[in-house]
Amino acid sequence: MFIHIGDDHVIQSKDVIGIIDYSLVTSSTINEEMLEQLKAKEQVVVSDEELTKAVVITADQVYYSPLSVLTLKKRASMISTISRLEDYSEASDEE
């Protein structure tokens, strides 16, 4: 399944390692250093840093998202719920 994380970025839900509030990331010098190193390696996708509310971490990239952590969590939860639903479409087609 996929998650739309804002700014026309869609990633696979299985690739998400973590979603962190941007204010927590910027308040930590260790996190800031990590992001600077990843920016130097061109592994950070930033659309508009002023609008960033969350940081989405995958194995290959780090995305700055304009969506809040709560919104991203809800989207990930919906995908998880949808993937657990049984497919009844075949049963209704036979009737």
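That block above? That's the structure.
Just so it is clear, the structure is predicted and the values come from calculations on it, not from any experiment.

1. Describing the nonpolar core
Burial of nonpolar side chains together is a common tendency in soluble globular proteins. Listed in full, the nine residues of the largest apolar core are Tyr-22, Val-25, Leu-35, Leu-38, Val-44, Val-55, Ile-57, Val-62 and Tyr-64. Looking at this core, the elements that each hand over two or more residues are α1 (22–26), α2 (29–40), β5 (54–58) and β6 (62–65). In this structure Val-62 touches Leu-35, Leu-38, Gln-43, Val-44, Val-45, Val-55, Val-56 and Ile-57, once residues within four positions along its chain are discounted. Among the nonpolar cores identified, the runner-up in size contains eight residues, and Ile-3, Ala-54, Leu-67 and Leu-72 belong to it.

2. Looking at the pairing of strand β1 (residues 2–6)
For a regular strand, side chains alternate in direction, first toward one face of the sheet and then toward the other. As paired strands, β1 and strand β2 (residues 9–12) are joined by four bridges and run antiparallel to one another. Each bridged residue has a counterpart across the sheet, and for Phe-2 the counterpart in β2 is Gln-12. Following β1, the chain reverses through two residues before pairing antiparallel with β2; Asp-7 in that reversal takes a positive phi of roughly 50°.

3. Focus on the sheet that holds strand β3 (residues 16–21)
An order of β3-β5-β6-β4 is seen for the four strands of this open sheet, with the pairing classed as mixed. In the strand order of this sheet, the two ends are held by β3 and β4 (44–45), each with one partner. Pairing between β3 and β5: five bridges, direction antiparallel. From the neighbouring strand, Ile-19 faces β5, where its bridge partner is Val-56. Each of β4 and β6 is contacted by α2, which is oriented at about 110° to β6, the strand it contacts most.

The rules behind each value
The numbers attached to residues start from 1 for each chain and follow its sequence in the written order. Owing to the predicted nature of the model, reporting of local features is limited to residues with pLDDT of at least 70; listing and counting of side-chain atom pairs is limited to 80 or more, with chain, interface and lining totals taken over all residues. Working from all heavy atoms in the structure, the side-chain values ignore hydrogens and water. Buried Ala, Val, Leu, Ile, Met, Phe, Trp, Tyr and Cys residues that are joined via side-chain atoms within 4.5 Å together make up what is termed a nonpolar core. The buried label applies to any residue whose accessible area, calculated with a 1.4 Å probe on protein chains only, is under 20% of its type's maximum; exposed applies above 50%, and partly exposed to all values in between. Strands are runs of DSSP state E lasting at least 2 residues, helices are runs of H or I lasting at least 4, and numbering of each runs from the N terminus. Only heavy atoms matter for contacts: two residues are in contact if any of them lie within 4.5 Å across the pair. Note on pairing: DSSP must find at least two bridges between two strands before they are called paired. The axes are straight lines fitted to the C-alpha atoms, using for helices just the contacting stretch, and the angles between their N-to-C directions are given from 0 to 180°.

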